[in-house]
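Descriptive analysis of the structure
Okay, here's what each chain looks like letter by letter:
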Amino acid sequence: MHYEGNVIRPPSEADSILLQATVGCTHNKCAFCGAYPDERFRIKDEAQVFEDIDFAARHMTRQRRLFLLSGDALTMPQARLERILERVRQRLPWVARVSSYANARGLKLKTPGDLERLRELGLAAVYMGLESGDDEVLARMNKKATLDEMLLQARKVREAGLKLCVTVLAGLGGVEGWRRHAQLTGRALTLMEPDQAASLSVIPVPGTPLWEDVRAGRFALPDGPGMVRELRELLAHTDMRRGLFLADHASNHVPLKLRMPRDRQHGLDLLDAALDGSLPLKPERARRL
Ligand code: SF4
């Protein structure tokens, strides 16, 4: 397989065939993100992508999922995306699910009909970084999308019959804005109705604007118990009627995997136990992105 730059996929795609159709991210300016440093977004040569599909056809016959790299592969022109999905279907008929990252700006380029066509061709799920339900936080983190824009695009994804997986980031409100960030993010998840919500905890990445702000004392991140308190507030304000709520990423202090709404109280109880000291927090040195 031909890979360029960082190969980043959601934790739940650990066993997927990783097919790189694009390099980098079209935005690449979120203040907390060190995913694709110095990489200019580009669409890879189609012949090389097809070669990789053929390689997977010979050597990856047991993997039933495929993840389309990189940061926002759905910004590819529709016709090219369709050709890639058609080729996957022809050459890898055992692949039952294709998924990809997507951001609001990329999704805005797709009509509802485009997304439905992609679903017909095998795209099954989209991972979207909401990060925060607080527009002030989104602006400070240079997300270049408002909550309303993300809600609109998320609805389009769901209405096209695609699964919606949403990621949020505890810590982005800082010490001063943690409560508002947590509450508004919980409400945003409630409105988005994702099939899966995943909460990660921020770890500043060297070289990013957030790292510089933390180092210079312009932004203070909550400590471990502060992150747990924030996650509890977020969960308490998340009223998902179905789907999974995950906080089992390596960056989190207390791992949670909750079927909503059934397990929500169990999750709150675990977080309370962590806050009163009866459940140990993951040590800082064991956290990673
Ligand atoms: S968080 Fe996502 S949209 Fe923002 S720069 Fe990183 S990859 Fe791009």
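Residues numbered from 1 in each chain as written. Predicted model: local features only at pLDDT ≥ 70, side-chain atom pairs only at ≥ 80, totals over all residues. Heavy atoms only, no water.

What follows concerns the packing of aromatic side chains. Considering all chains together, one arrives at 3 aromatic pairs under this definition. Centre to centre, the rings of phenylalanine 67 and tyrosine 101 are 5.1 Å apart; their planes meet at 85°, and the pair counts as edge-to-face. Remark: tyrosine 101 occurs in strand E5 (residues 97-102) and phenylalanine 67 occurs in strand E4 (residues 65-69); sequence separation between them is 34 residues. Each member of the pair, phenylalanine 67 as well as tyrosine 101, is classed as buried. Taken together, a centroid distance of 6.2 Å and an interplanar angle of 70° make the contact between tyrosine 101 and tyrosine 127 edge-to-face. Here tyrosine 127 lies in strand E6 (residues 123-131) and tyrosine 101 lies in strand E5, a separation of 26 residues in the sequence. A single burial state applies to tyrosine 101 and to tyrosine 127, both of which are buried. Connected via pairs of aromatic rings, a cluster forms that spans Phe67, Tyr101 and Tyr127. (Phe/Tyr/Trp six-rings, centres within 6.5 Å; stacked < 30°, edge-to-face > 60°. Helix = DSSP H or I, 4+ residues; strand = E, 2+ residues; numbered from the N terminus. Buried < 20%, exposed > 50% of the residue type's maximum accessible area, 1.4 Å probe, protein only.)

What follows covers the site of the ligand. With respect to spatial proximity, the complete set of residues near the ligand consists of Cys25, Asn28, Lys29, Cys30, Phe32, Cys33 and Tyr36. Residue composition of the shell around the ligand, by class: 5 nonpolar, 1 polar and 1 charged. (Near = heavy atom within 4 Å. Nonpolar A, V, L, I, M, F, W, Y, C, P; charged D, E, K, R; others polar.)

Where helix H1 (residues 46-59) meets helix H2 (residues 78-91), the closest approach of the two axes is 10 Å, and the angle between their N-to-C directions is 20°. Here H1 is positioned roughly parallel relative to H2, judged by the angle of their axes. Relative to H2, the crossing made by H1 is right-handed. For the pair H1 and H2, the contacting residues are Glu46, Val49, Phe50, Ile53, Asp54 and Ala57 in the first and Arg80, Arg83, Ile84, Arg87, Val88 and Arg91 in the second. Here the contact of H1 with H2 is composed, by residue class, of 6 nonpolar, no polar and 6 charged. (Axes fitted to C-alpha atoms, helices over the stretch in contact; angles between N-to-C directions. Parallel < 35°, antiparallel > 145°, perpendicular 65-115°, else oblique. Left-handed = near helix turned anticlockwise from the far one by under 90°. Contact = heavy atoms within 4.5 Å.)

For the rest of this paragraph, the subject is the nonpolar core. Formed by 62 residues in total, the largest nonpolar core has its most connected members in Leu66, Ile84, Leu92, Leu130 and Phe245. Not counting residues within four places of it along the chain, the set of residues in contact with leucine 66 comprises Ser16, Ile17, Leu19, Val88, Leu92, Val95, Arg97, Val98 and Ser99. Core analysis: the next-biggest nonpolar cluster, separate from the first, contains 14 residues, Ala198, Val202, Leu210 and Leu246 among them. (Core = buried A, V, L, I, M, F, W, Y, C linked by side-chain atoms within 4.5 Å.)

By the definition in use, this model includes 21 salt bridges. The partner of glutamate 46 in a salt bridge is arginine 80, and the shortest N-O contact between them spans 3.7 Å. Residue glutamate 46 is located in helix H1, and its partner arginine 80 is located in helix H2; the two are separated by 34 residues in the primary sequence. A single salt-bridge network, built from bridges that share partners, covers Glu82, Glu86, Arg117 and Glu120. (Salt bridge = Lys/Arg side-chain N within 4 Å of Asp/Glu carboxyl O.)

In a regular helix each residue adds 1.5 Å, so 14 residues correspond to 20 Å; H2 covers 20 Å between its end C-alpha atoms and thus fits that length. Buried within H2 are the following residues: Gln78, Leu81, Glu82, Ile84, Leu85 and Val88. Here the buried residues of H2 occupy an arc of 160° about the axis, which is enough to place them on one side. Contact partners of the buried residues in H2: strand E1 (17-20), H1, E4, E5, helix H4 (112-120) and E6. (Expected span 1.5 Å × (residues − 1). Arc of directions from axis to C-beta.)

Another point: the environment of aspartate 52. Summarising the element assignment, aspartate 52 is placed in helix H1. Looking at aspartate 52, the relative accessible area reads 2%, which means it is buried. Separated by 88 residues in sequence, aspartate 52 and arginine 140 have C-alpha atoms that sit 39 Å apart. Within the structure, the side chain of aspartate 52 is placed 2.7 Å from the side chain of histidine 2, a separation counted as a polar contact. (Polar contact = N/O pair within 3.5 Å; in protein donor to acceptor, adjacent residues only side chain to side chain.)

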